[in-house]
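Below are the chains, spelled out letter by letter.
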Amino acid sequence: MKVVNTAADEAKTVLRVSWDAKTSVKIGDFVRGGQNRLERKGADHDFKPEATLNPFGILLPQWDDLNLYFTTSPVTSDFIVDMLERWWTKKRKRFPEVDTLVINQDNGPEIQSRRTQFLKRMVEFAWIHALLIRLAYYPPYHSNAIEHCWGVLENHWNGELLDDSEAVLGFARTMTWNAKNPEVELVSKVYQTGIRLSPAEMKVVEQGVTRDADLGKWFLDIDGRQLKLG
């Protein structure tokens, strides 16, 4: 992974991305430790949360650019690729020379390298944007860069009452990652869980995927510059 990331950071045509989802945030008068800036007290007993927000982040480690997306919907494969699409639509003009994205990620259930709907969507994304996508998976117990951002966010709202969605989004917007504020969005679309491709459909998708002979599920390429779909 170190070799892959170093090579990516040194190449003008390659952009390295770190992404990950965070544990759901409970909305309500929950005590969260720390000290509250507004001197408001949380409930002294557990109760059912009014709602939950699920955070997902995309980080450019070289530029300390952080985008945070919050949803009340499950963080599915479709949600993740939709956020990638939204993110790249905003960023691509800034990086006109880039034709390759190296994506650092863990092997979570919605983005693992055998997840059929995830691979289908990533193949489509690579083809639409004529990009080489390199999925570089961290093995268990290794830290992806964006995980440090989650720690900063937790410390930032530690002790605060996140009693509505705007409170969560507000604290997310005012956190800093290496002196920069993130871009924060609330996504209203509801995503369906459990979408899977048939073996026949997956066979077609796999034609656009090249897996490393030695690393197997931990490293693969999707070269949308060469793909022909349809």
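Residues numbered from 1 in each chain as written. Predicted model: local features only at pLDDT ≥ 70, side-chain atom pairs only at ≥ 80, totals over all residues. Heavy atoms only, no water.

**Observations regarding the environment of Asn-178**
With respect to the helices and strands, Asn-178 occurs in the loop between α5 (165-174) and β7 (183-187). Taking relative accessible area as the criterion, Asn-178 reaches 48% and is therefore assigned partly exposed. Expressed as a C-alpha distance, the spacing of Asn-178 and Asp-65, which sit 113 residues apart in the sequence, is 9.3 Å. In terms of polar contacts, Asn-178 uses its side chain to reach the side chain of Asp-64, at 2.9 Å. (Helix = DSSP H or I, 4+ residues; strand = E, 2+ residues; numbered from the N terminus. Buried < 20%, exposed > 50% of the residue type's maximum accessible area, 1.4 Å probe, protein only. Polar contact = N/O pair within 3.5 Å; in protein donor to acceptor, adjacent residues only side chain to side chain.)

**Comments concerning the environment of Arg-225**
Positionally, Arg-225 belongs in the segment after β9 (219-223). In this structure Arg-225 comes out as partly exposed when scored by relative accessible area, which is 37%. Spatially, the C-alpha atoms of Arg-225 and Leu-131 are 5.6 Å apart, while their sequence positions differ by 94 residues. Dropping the residues within four chain positions of it, Arg-225 is found in contact with Asp-99, Thr-100, Ala-130, Leu-131 and Leu-132. At 3.3 Å, the side chain of Arg-225 forms a polar contact with the side chain of Asp-99. (Contact = heavy atoms within 4.5 Å.)

**Details of the side chain of Asp-65**
Mapped onto the elements, Asp-65 comes out in strand β4 (residues 65-71). In this structure Asp-65 comes out as buried when scored by relative accessible area, which is 9%. When near neighbours in sequence (up to four residues on either side) are disregarded, Asp-65 contacts Ile-58, Leu-59, Leu-60, Lys-91, Arg-94 and Lys-180.

**Observations regarding unusual backbone geometry**
Positive phi, normally seen in glycine, also occurs at Ala-130, with a value near 50°. Within the secondary structure, Ala-130 sits in the loop between α3 (116-129) and β6 (132-137). Given the relative accessible area of 40%, Ala-130 is considered partly exposed. Non-glycine residue Asn-178 carries a positive phi angle of around 50°.

**Digging into the pattern of salt bridges**
In total, this model carries 19 salt bridges according to the counting rule given. When the shortest N-O distance is used, the salt bridge between Asp-65 and Arg-94 registers 2.2 Å. Of this pair, Asp-65 sits in strand β4 while Arg-94 sits in the loop between α2 (77-91) and β5 (100-105), and the two are 29 residues apart along the sequence. The closest approach of N and O atoms between Arg-115 and Glu-110, which form a salt bridge, is 3.3 Å. Salt bridges here are not isolated pairs; linked through shared partners, they connect Asp-78, Asp-82, Lys-120, Arg-121, Glu-124 and Lys-189. (Salt bridge = Lys/Arg side-chain N within 4 Å of Asp/Glu carboxyl O.)

**A closer look at the side chain of Arg-16**
With respect to the helices and strands, the residue Arg-16 is situated in strand β1 (residues 14-21). Accessibility expressed as a relative area gives 12% for Arg-16, which makes it buried. A distance of 3.0 Å separates a polar atom in the side chain of Arg-16 from a polar atom in the side chain of Asp-9. Side chain to side chain, Arg-16 and Asn-104 meet in a polar contact 3.0 Å long. Apart from the residues lying within four places of it in its own chain, the contact partners of Arg-16 are Asn-5, Ala-8, Asp-9, Leu-59, Leu-60, Pro-61, Val-102 and Asn-104.

**Thoughts on the nonpolar core**
Trp-19, Trp-87, Leu-101, Met-122, Ile-133 and Leu-135 are the most contacted members of the largest nonpolar core, which totals 38 residues. Counting residues per element, the ones that place at least two in this core are β1, β3 (51-60), α2, β5, α3, β6, α6 (199-206) and β9. With seven residues, α2 is the largest single contributor of residues to this core. Counting residues in hydrophobic clusters, the runner-up holds 20 residues, among them Ile-27, Leu-153, Leu-169 and Phe-171. (Core = buried A, V, L, I, M, F, W, Y, C linked by side-chain atoms within 4.5 Å.)

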